[in-house]
Amino acid sequence: MKTSEIFKNKTVLSLEIFPPRRTASIDTIYNTLDELQGLKPDFISVTYGAGGSETNTATLEIASAIKNNYGIESVAHLSCINLTKSEVLNMLEGFKQAGVENILALRGDVNPALAPKQDFRYASDLVSFIKENGDFNIIAACYPEGHNECSSLVDDIRNLKTKVDAGTDQLITQMFFDNSYFYSFRERACIAGINVPIEAGIMPVVNKKQIERMVSLCGVKLPKKFVTMMERYENNPVAMRDAGIAYAVDQIVDLMAQDVDGIHLYTMNNPYIAQKIYAAISTLLAA
Ligand code: FAD
């Protein structure tokens, strides 16, 4: 099923997982999925590593298992910066054979150690290419606070409009910790004529190091309330975890009250946290 169809009937709940690191067995992800399936997500997406063929094969393998073994709709992430057109065609063939109908089309982050291949410059190039070469539902990334390489929010929204016009069927945001960024972004998108569903990406924070890494990677801003919470509990892992869950639930309740199209939970492959959040919001999803 094309996941963009689901938004017509309900507020969507989706989960994101990543393939296990190369040193770990791929089976570890199936233990995670065994626990996540109880949350009855509308779909589960699987990230795509920036480099290295093992991870890239893993995305297809796991997305296929989610769809065919767990009976849950799956989304395979695909980043194009280090791929040629012929490599993307091979990937698309693999998705088709496995029955994976949904692709999150990304540019990927520039790796200073790896010269980008020249076939795709932006994610919008990948979106058009996928559109021309198969019957896939295409999802793309968006950035409530603006993408960290873009000098202005206006340019960023124009670029997003180009990506949507190229054939994007739905959007998922980068994580944010202050919902007001999401609401302003949603308004800018609406004014720009972007009418596809936009899911809010929510990252439950469970330790200070994790969030510091995220901030340095993607430049999201941390509200004072959030920083105070981290500083108060940083040396108490259990309290920090529970405070992170409570913060994420608080964000989700507010988003749902404001009619968000869907919630995309970055699970960090941690079923306990996803289960706790789900338990707190399941009645809201049904309302
Ligand atoms: P683009 O849409 O190409 O945008 C990149 C930059 O180029 C932006 O600043 C944009 O404003 C600008 N731009 C776009 N078009 C134009 C144009 N025509 N002219 C001038 N400037 C332009 N990374 C991975 O490696 N693997 C993953 O699995 C993965 N999953 C993700 C999931 C989500 C929900 C999100 C939000 C991000 C994910 N990322 C992943 C990270 C993503 O690859 C990076 O954020 C990357 O830096 C940008 O990718 P993009 O697809 O948004 O790029």
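(A) Structural view of the packing of helix 9 (residues 237–257) against helix 10 (residues 271–286). Contact geometry of helix 9 with helix 10 gives a least axis separation of 10 Å together with a crossing angle of 30°. Considered as vectors, helix 9 and helix 10 are oriented roughly parallel to each other. For the crossing formed where helix 9 meets helix 10, the hand is right-handed. Judged by residue contacts, Arg241, Ile245, Ala248, Val249, Ile252, Val253 and Met256 of helix 9 engage Tyr272, Ile273, Lys276, Ile277, Ala280, Ile281, Leu284 and Leu285 from helix 10. When its residues are assigned to classes, the contact of helix 9 with helix 10 shows 13 nonpolar, no polar and two charged.

(B) Fine view of the environment of Ile211. Inspection of the secondary structure puts Ile211 in helix 7 (residues 208–218). On the basis of relative accessibility, which here comes to 1%, the residue Ile211 falls in the buried class. Between the C-alpha atom of Ile211 and that of Pro144, which follows or precedes it by 67 residues, the distance is 17 Å.

(C) A look at the site of the ligand. Around the ligand lies a shell of 21 residues, among which Tyr48, Asp109, Tyr143, Asp156 and Lys163 are the nearest. His77 is positioned with one of its side-chain polar atoms (N or O) 2.9 Å from an oxygen atom of the ligand. Here the ligand, which alone exposes 980 Å², has 83% of that area covered by the protein. Counting only elements with at least two residues in the shell around the ligand, the list comes to strand 4 (102–106) and helix 5 (153–165). Looking at the shell around the ligand element by element, the count peaks at three residues for helix 5.

(D) Seen up close, the packing of helix 8 (residues 224–233) against helix 9. Orientation of helix 8 relative to helix 9, taken along the N-to-C sense of each, is 165°, at an axis distance of 9 Å. Between helix 8 and helix 9, the crossing angle belongs to the class labelled roughly antiparallel. Once helix 8 is placed against helix 9, the crossing between them reads as right-handed. Residues Lys225, Phe226, Met229, Met230 and Tyr233 of helix 8 form the contact with helix 9, whose participating residues are Ala239, Met240, Ala243, Gly244, Tyr247 and Asp250. For the contact of helix 8 with helix 9, the per-class residue count stands at eight nonpolar, one polar and two charged.

(E) Spatial organisation of the nonpolar core. Ile17, Ile62, Leu78, Phe95, Leu171, Leu255 and Ile277 are the most contacted members of the largest nonpolar core, which totals 67 residues. Here Leu171 is in contact with Ala140, Ala141, Cys142, Leu160, Val164, Ile194, Val196, Pro197, Ile198 and Glu199, once residues within four sequence places are set aside. Phe177, Met203, Met214 and Tyr247 belong to the second largest nonpolar core, which has 25 residues in total.

(F) Region of the structure containing helix 7. When we look at burial in helix 7, the residues that qualify are Gln210, Ile211, Met214 and Cys218. Along the long axis of helix 7, the arc covered by the buried residues comes to 90°, so they all point the same way. Of the exposed residues in helix 7, those oriented more than 90 degrees away from the buried face are Lys209 and Ser216. Looking at the buried residues of helix 7, the elements they touch are helix 8. Of the residues flanking the start of helix 7, the one acting as N-cap is Asn207, its side-chain oxygen 3.2 Å from the backbone nitrogen of Lys209. The first or second residue beyond helix 7 is Gly219, which carries a positive phi of 70°.

Cut-offs applied
- Residues numbered from 1 in each chain as written.
- Predicted model: local features only at pLDDT ≥ 70, side-chain atom pairs only at ≥ 80, totals over all residues.
- Heavy atoms only, no water.
- Axes fitted to C-alpha atoms, helices over the stretch in contact; angles between N-to-C directions.
- Helix = DSSP H or I, 4+ residues; strand = E, 2+ residues; numbered from the N terminus.
- Parallel < 35°, antiparallel > 145°, perpendicular 65-115°, else oblique.
- Left-handed = near helix turned anticlockwise from the far one by under 90°.
- Contact = heavy atoms within 4.5 Å.
- Nonpolar A, V, L, I, M, F, W, Y, C, P; charged D, E, K, R; others polar.
- Buried < 20%, exposed > 50% of the residue type's maximum accessible area, 1.4 Å probe, protein only.
- Near = heavy atom within 4 Å.
- Polar contact = N/O pair within 3.5 Å; in protein donor to acceptor, adjacent residues only side chain to side chain.
- Areas by Shrake-Rupley, 256 points an atom, 1.4 Å probe, with all protein chains shown as cover.
- Core = buried A, V, L, I, M, F, W, Y, C linked by side-chain atoms within 4.5 Å.
- Arc of directions from axis to C-beta.

Everything listed here is a matter of geometry and, on its own, says nothing about what the molecule does.
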